[in-house]
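Reading the structure
What follows is the residue order along each chain.
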Amino acid sequence: MTSKTLDLSPARWIWYPSGRCLQNTFVLFRRELDLSAAPKAATGWIVADSRYRLFVNGQRVQWGPAPADPQHLEADPLDLTSLLHPGKNVIGCEVLFYGHGEGTWPLGKPGFLFQLDIETADGDKTSLVSDSSWQAHIARSWQPGHYTRWYLRALQEEFDACLYPYGWSATGFSSDTDWLPAMEQNCPANMPVLCSTYDDYMMDIIGDQNRCDLSPRSIPLLNEELIPVKCLAESLWIAWDRPPREYFECRTPNAFRVAGSLCADETEPGKWRVILDGTRGAALTYEFAEQIVGWPYFTIHARAGTVVELLVHEAHEIGGPALLNTHWESWSRFICKDGENNFEPFDYESLRWLQLHIHGAAGEVRVERVGVRRRTFPWPNSPQVSCSDSNLQRLLNASINTLHNSAQETLVDGMARERQQYSGDVAHQAHAIYFAFGETRLPARYINTYSRGITHEGYFLDCWPAYDRLCRVMQRQLYLSKWGPILDHGIGFVFDCFHHYMYSGDLSSLEKPFAALVQFVEYLQSIRRSDGLLPVEDIGTPCVWMDHIAYRQTRHKKCAFNLYASAMLGNAFAPLCTAFGDTGLARDSQSLARNLLDAAIKHFWHPERGLFCVNLPWRSEEREDRFCDRSLATSILFDQCPGNNTEAALRMLVECPPEMGFSYPANACWRLWALAKAGRIDVILKDLRERWAALDSVRLNNTLQEDWEVIPDSTASEWSHCPVVPLYLFFMAIAGIKPLAPGFSRCEIRPQLGDLEHVSLVAHTVQGPIRFESAGKQGSRSLRIQLPERCAAELILPAGEQVDLSPLPSLAPPGHKRYALPWAKETVLPLKIA
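Residues numbered from 1 in each chain as written. Predicted model: local features only at pLDDT ≥ 70, side-chain atom pairs only at ≥ 80, totals over all residues. Heavy atoms only, no water.

What follows is about a nonpolar patch on the surface. A cluster of nonpolar side chains, namely Tyr 201, Met 202 and Met 203, defines an oily patch on the protein surface of about 260 Å² accessible area. Mapped onto the elements of the fold, Met 202 is located in the loop between β13 (183-184) and β14 (213-216). Using a relative accessible area of 35% as the deciding quantity, one classes Met 202 as partly exposed. (Patch = residues over 30% accessible without salt bridge, like charges linked within 9 Å, V, L, I, M, F, W, Y side chains within 5 Å. Areas by Shrake-Rupley, 256 points an atom, 1.4 Å probe, with all protein chains shown as cover. Salt bridge = Lys/Arg side-chain N within 4 Å of Asp/Glu carboxyl O. Helix = DSSP H or I, 4+ residues; strand = E, 2+ residues; numbered from the N terminus. Buried < 20%, exposed > 50% of the residue type's maximum accessible area, 1.4 Å probe, protein only.)

Our next topic: helix α6 (residues 487-504). Between its terminal C-alpha atoms α6 stretches 26 Å, which fits the 26 Å expected from 18 residues at 1.5 Å a residue. Of all the 18 residues making up α6, 17 are buried; the element is thus mostly covered by neighbouring parts of the structure. Positive phi appears at Gly 505, one or two residues downstream of α6, with a value of about 75°. (Expected span 1.5 Å × (residues − 1).)

What follows covers the environment of Asn 254. Looking at where Asn 254 falls in the secondary structure, it is placed in the loop between α1 (244-250) and β17 (256-261). Through-space distance from the C-alpha of Asn 254 to that of Asp 241 is 7.5 Å; in sequence the pair is 13 residues apart.

For the pair helix α8 (residues 558-579) and helix α11 (residues 629-637), the least separation of the axes is 8 Å and the interaxial angle reads 25°. By the angle between their axes, α8 is roughly parallel relative to α11. Our pair here, α8 against α11, has a crossing hand that is left-handed. Touching Cys 559, Ala 560, Leu 563, Tyr 564 and Ala 567 of α8 are Arg 630, Ser 631 and Thr 634, all from α11. By residue class, the composition of the contact of α8 with α11 is five nonpolar, two polar and one charged. (Axes fitted to C-alpha atoms, helices over the stretch in contact; angles between N-to-C directions. Parallel < 35°, antiparallel > 145°, perpendicular 65-115°, else oblique. Left-handed = near helix turned anticlockwise from the far one by under 90°. Contact = heavy atoms within 4.5 Å. Nonpolar A, V, L, I, M, F, W, Y, C, P; charged D, E, K, R; others polar.)

What follows is about the side chain of Ser 714. Mapping Ser 714 onto the fold places it in the loop between α15 (696-700) and α16 (725-734). When its relative accessible area of 14% is taken as the criterion, Ser 714 is described as buried. A polar contact of 2.9 Å, which involves the side chain of Ser 714, links it to the backbone oxygen of Ile 711. In contact with Ser 714, other than residues within four places in its own chain, are His 313, Thr 326 and His 327. (Polar contact = N/O pair within 3.5 Å; in protein donor to acceptor, adjacent residues only side chain to side chain.)

As a further point, take the nonpolar core. Of all hydrophobic cores here, the largest spans 151 residues; its most connected members are Met 568, Phe 573, Trp 692, Phe 730, Ile 749 and Leu 761. Counting residues per element, this core draws most heavily on α8, at 14 residues. In this structure, Leu 28, Ala 139, Ala 154 and Ile 358 belong to the second largest nonpolar core, which totals 84 residues. (Core = buried A, V, L, I, M, F, W, Y, C linked by side-chain atoms within 4.5 Å.)

For the rest of this paragraph, the subject is the packing of aromatic side chains. Applying the stated criterion to the full structure yields 61 aromatic pairs. Each ring, one from Phe 604 and one from Trp 618, has its centre 6.2 Å from the other, and the planes form 55°; the classification is tilted. Of this pair, Phe 604 sits in helix α9 (residues 583-604) while Trp 618 sits in the loop between β28 (611-612) and α10 (619-622), and the two are 14 residues apart along the sequence. Among the aromatic residues, those joined into a ring-pair cluster are Phe 26, Trp 63, Trp 142, Phe 159, Tyr 164, Tyr 166, Trp 295, Phe 298, Phe 334, Phe 343, Phe 346 and Tyr 348. In this structure, Arg 280 packs its charged tip against the face of Trp 237, placed 4.0 Å from the ring centre. (Phe/Tyr/Trp six-rings, centres within 6.5 Å; stacked < 30°, edge-to-face > 60°. Lys NZ or Arg CZ within 6 Å of the ring centre and 35° of its normal.)

This paragraph deals with the sheet that holds strand β38 (residues 816-820). Taken together, the five strands give an open sheet; going across it, the order is β31-β32-β36-β38-β37, and neighbouring strands pair in mixed fashion. The outermost strands of the open sheet, each flanked by one partner alone, are β31 (737-739) and β37 (806-807). (Pairing = 2+ DSSP bridges.)

The final tally for this structure, using the stated rule, is eleven cavities of 30 Å³ or more. Taken as a whole, the largest cavity holds about 80 Å³ of empty space. Forming the walls of the largest cavity are 14 residues, and the residues nearest its centre are Asp 49, Arg 51, Ala 68, Leu 73 and Trp 105. Taken together, the residues that form the lining of the largest cavity break down as ten nonpolar, two polar and two charged. Size it by volume and the second largest cavity reaches roughly 60 Å³. Every residue along the wall of the second largest cavity is listed here: Ala 427, Ala 430, His 431, Tyr 434, Pro 443, Tyr 446, Ile 447, Asp 496, His 499 and His 500. Among the secondary structure elements, those contributing two or more residues to the lining of the second largest cavity are α3 (429-437), α4 (441-451) and α6. Here the lining of the second largest cavity is built from residues that sort into six nonpolar, three polar and one charged. (1 Å grid on protein atoms, 1.4 Å probe; cavity = no way out; pocket = protein on both sides within 12 Å on 5 of 7 lines; lining within 4 Å. Points joined across faces, edges and corners; volume = space filled by probe spheres on them.)

This paragraph deals with the layout of surface pockets. In this model, the largest pocket occupies a volume close to 1,600 Å³. Taken together, 44 residues make up the lining of the largest pocket; nearest its centre are Leu 637, Phe 638, Lys 677, Lys 738 and Glu 748. Counting residues per element, the lining of the largest pocket draws most heavily on α6, which supplies seven residues. Among the residues making up the lining of the largest pocket, the classes are represented as 23 nonpolar, twelve polar and nine charged.

Time to look at the sheet that holds strand β7 (residues 87-97). Sheet architecture is open: six strands sit in the order β5-β4-β7-β2-β10-β12, paired in antiparallel fashion. Of all the strands in the sheet, just β5 (59-64) and β12 (180-181) have a single pairing partner and so form its edges. Pairing analysis gives eleven bridges linking strand β2 (residues 25-35) to β7, with the strands arranged antiparallel. Bridging across to β7, Phe 26 finds its partner in Leu 96.

Moving on to the pattern of salt bridges. Enumeration according to the criterion identifies 61 salt bridges in this entry. Measuring nitrogen to oxygen at the nearest pair gives 3.4 Å for the salt bridge that ties Arg 153 to Glu 349. Of the two residues, Arg 153 sits in the loop between β10 (135-138) and β11 (158-160) while Glu 349 sits in strand β24 (residues 349-359), which places them 196 residues apart along the sequence. The partner of Arg 352 in a salt bridge is Glu 287, and the shortest N-O contact between them spans 2.8 Å. Separated by 65 residues along the polypeptide, Arg 352 in strand β24 and Glu 287 in strand β20 (residues 281-302) bring together distant segments of the chain. Through salt bridges with shared partners, one network takes in Glu 102, Arg 149, Arg 153, Asp 347, Glu 349 and Arg 419.

Our next topic: the side chain of Asp 687. Structurally, the position occupied by Asp 687 is in helix α14 (residues 681-692). On the accessibility criterion, Asp 687 (6% relative accessible area) is buried. In contact with Asp 687, not counting residues within four places along its chain, are Arg 671, Leu 672 and Trp 692.

Let us look at α11. Most of α11 sits out of view: nine of its nine residues are buried. Those residues of α11 not exposed but buried are Asp 629, Arg 630, Ser 631, Leu 632, Ala 633, Thr 634, Ser 635, Ile 636 and Leu 637. Looking at the packing, one finds that the buried side of α11 touches α8, β28, β29 (627-628), α12 (647-655), β30 (660-661) and α13 (669-677). Looking one or two places after α11, you find Asp 639, whose phi comes out positive at around 55°.

Here is the structure:
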């Protein structure tokens, strides 16, 4: 991903004429345009702080921009060629300024920037740019200054249709005195609006033009698809003992009672009728076939003043809570005008359940066209991965659907709660993105945006660009939170950069991030203690996480953290230093890696048991031995056990005794990767079948959940998270494909098929697809591999296999041989052992 900048001059950043802007303020911008002929081309750029929804001649066009560092905004491309026509046209844009930080936006200033170049069929050329010729209107259908939803969600939407100027984005609309000429801001058109002199009354900030830039969007605009509900699953009458508005504001206890069921009649497929009595509310709960991310929508025919709370949830159990506001206050409110109302929230949600709570008026209400405008990334390839085990296939399908939800414009943990990207456990999903979809732009954008969150001290704000860690820095200074910027996520990010280089071969996209990596490694060196180890406690603002269920005490994380850091320095950072031509820094990194490993062995290697013991320094005090899957897996994967004595560590990873802490799903990959290296595909398949395929989210939501146990209708449980471990294991462990040289110019294939009678997949690489297929039972199966032209592949098979391939002298795992595969042709092999 090359770094480019944009200068949209003579366009100007504009806003509503004002001296301050409250949080959650919506401004409508309108511009009429006369064309002498149909456009041959109408292309340009659009960006806003914080989010925009664009209309052309009354038609919704697109929503954006993507989350980004506020000092480095990305402008979205425009192509309005098919939407403009001869004569009068109208460009309209709703712009929301969040004002309060959230999971997709850390901070900023309000503004709107637009540039469109038009060439008509008769040869005329003209440009339309944002300036004072645009009209601006404060949309009081959304009350400026409205409260936030929760800590990491800025907009708690309340929309009053009676106050909305319908028709404003189409021709024929007559504006009144509430439409003012837009105010041009004092900010260059090649800078984010953060650099304007507009007064930021909430945070008192201004961007430094020497550090800021505006660049073109680095990934495609997302796809949108209308998904109707599966069915109306439940309908209830709600009797209120306290005002509904009070309840939704502060969740007053005992505010309502269920006063009966079956409040809605389905008059015909997809249409429902409710007769309101003016006192009770009607709760209509709809179900989707699977969990999805997008904008819920519905049409309601009602009297003016009828109120609808739209509530969404990831998981609901029929007969459970009557109202679905049990998940991070995930609701929006709509107030009807008289007659037909078509409602769609401004911001997107993650859901499988959609509920309409209708109240505030008497008479007949009709509901129809209920669904979600789903948003997904426009992947360059459709995933092709299948196997003969139906339960595992369902697990693969759930992994793919999970990726549709978690990997959109950033790589996030889950869209229902935080919507913010992380490294570490969350970024492992990139392996599946590379292999299953052949997508490199989205991981490159993740690396670029995440790396911008490097602090002066040298650690990363590990969910950047998001508000969370900015706020945590303040809280940590006052000892108000256990959460700070997570150092192990910074270590994971170095691995992410290395993996991106190996998958894509694109070193140029890592030039700026690499400078941040150097700063981070220097920071790690600076905090080493006298015992030679990196600390996990009393380190000031940052913290060490590693996992939230695998450790009984924070100090138990010290072993895994230091092994992880040593592995990163020797196996990710040092190779990147070499790639950038800094051999001296590579040597220093390898030296630090050895020193950390030596110190970890000294303090945590249990010589009697032959493995790393995470509480060995405190064993006499705690009177028990404690281990963790992460330390054991890391020691196997990166050859960290003294004398390569991995037998005890491997046995513990296989048996999982109670004395071993077991990581949550998104971190469970480390154990499974180690088992794959050791050739224990039998344990991996057993784990996928018995632990993973049985997850409630797989069965019910076609997704992968955050924790091993989830509860419907709960606040804490996240049902569509990001642990797509099964999907990338099929490529990395079962097919055994991995790059050996940057850009897949050379790769390794080590199939471990176990008892799977059929496996077929396509691993997409920048060199082209690697097609892999096995058929037959173990001991009598065929293996078919087709390589792209510029990929040299090495096949690893059990030593007893008789194959007509040229052996290679390079090392192979014990009991195996390495062979050269023919270039750019299909190879079919009979296998008697594998």
